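# Structural overview
This is what each chain is made of:
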Amino acid sequence: MKHSYQKELSYFRLKLESHIREHHPDRLEETEFIKERADMGLITYCNAVIQGLTHQDAENMASEVLYQGLHFSKYDTLVSVLENEFGKELPTPLPKRLAHILLANKAVQATFAKFGLTDEFSASEQYDRLYTELTGTIVLLIESNRLPIVK
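Read on for a plain summary of the structure. What you are looking at is a predicted structure, and each value in this text was computed from that prediction instead of being measured.

### As for the nonpolar core
By size, the foremost hydrophobic cluster in this structure holds 22 residues, and its most contacted members are Leu78 and Ile138. Elements represented by at least two residues in this core include exactly α4 (74-86), α5 (94-103), α6 (106-113) and α7 (126-144). With seven residues, the single largest contributor to this core is α7. If sequence neighbours within four positions are ignored, Ile138 has contacts with Leu78, Val81, Leu82, Phe86 and Leu102. Core analysis: the second largest hydrophobic core is formed by 13 residues, Tyr45, Ala58, Ala62 and Tyr67 among them.

In structure tokens form, the structure reads like this:
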């Protein structure tokens, strides 16, 4: 029985780590969060199967638990701004590389902090305002650091 538990736990952990790596790379070092959330996903899955739900329904429920609070991504938003607004100046893969750096920038973090970021935020009317403010913040960073990127 222990082997089965470890296999399932590993599956949920790998699934969560993959999502975090792709959408929240700044959170990859949060090993305790990842472990706890993977455990919660496994428990949710097992309980759903015990209650008679299909494996697919149990998987969907576990995914909801795994990704709760992780649907909106600061990283994805920065990549989107960089690709859409600075695409000519920053060819692939530069937007993704620069987004990693910008995630740690105080001005960028202050811009994000102005908004109540929830799982549904990207579908809200405030998203466009965040997008515009991030674009402005990035332009100011480019100008203040005298980077050879002109917008």
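Following the structure, the description resumes.
### Examining the packing of α6 against α7
α7 packs onto α6 with a crossing angle of 165 degrees between their chain directions and a minimal axis gap of 10 Å. Our classification of the angle between α6 and α7 gives roughly antiparallel. When the axes of α6 and α7 are compared, the crossing they make is right-handed. Every residue of α7 that contacts α6 at Ala107, Val108, Thr111 and Phe112 is listed here: Leu130, Glu133, Leu134, Thr137 and Leu141. Looking at side-chain class alone, the contact of α6 with α7 contains six nonpolar, two polar and one charged residues.

### A word on α7
Helix length check: α7, at 19 residues, gives a terminal C-alpha distance of 27 Å against a target of 27 Å (1.5 Å per residue), a fit within 8%. For α7, the set of buried residues is Tyr127, Leu130, Tyr131, Glu133, Leu134, Thr135, Thr137, Ile138, Leu141 and Ile142. Just past α7, the residue Arg146 takes up positive phi, approximately 50 degrees.

### Overview of the packing of aromatic side chains
In this structure the tally under the stated criterion is six aromatic pairs. Centre to centre, the rings of Phe12 and Tyr45 are 5.7 Å apart; their planes meet at 55 degrees, and the pair counts as tilted. Taken together, the residues span a long stretch of sequence, with Phe12 in helix α1 (residues 2-23) and Tyr45 in helix α2 (residues 31-50) at a distance of 33 residues. Comparing Phe12 with Tyr45 shows no difference in burial state: the two are buried. For the pair Tyr127 and Tyr131, a centre-to-centre distance of 6.4 Å together with 50 degrees between the ring planes defines the contact as tilted.

Criteria and thresholds
Residues numbered from 1 in each chain as written. Predicted model: local features only at pLDDT ≥ 70, side-chain atom pairs only at ≥ 80, totals over all residues. Heavy atoms only, no water. Core = buried A, V, L, I, M, F, W, Y, C linked by side-chain atoms within 4.5 Å. Buried < 20%, exposed > 50% of the residue type's maximum accessible area, 1.4 Å probe, protein only. Helix = DSSP H or I, 4+ residues; strand = E, 2+ residues; numbered from the N terminus. Contact = heavy atoms within 4.5 Å. Axes fitted to C-alpha atoms, helices over the stretch in contact; angles between N-to-C directions. Parallel < 35°, antiparallel > 145°, perpendicular 65-115°, else oblique. Left-handed = near helix turned anticlockwise from the far one by under 90°. Nonpolar A, V, L, I, M, F, W, Y, C, P; charged D, E, K, R; others polar. Expected span 1.5 Å × (residues − 1). Phe/Tyr/Trp six-rings, centres within 6.5 Å; stacked < 30°, edge-to-face > 60°.

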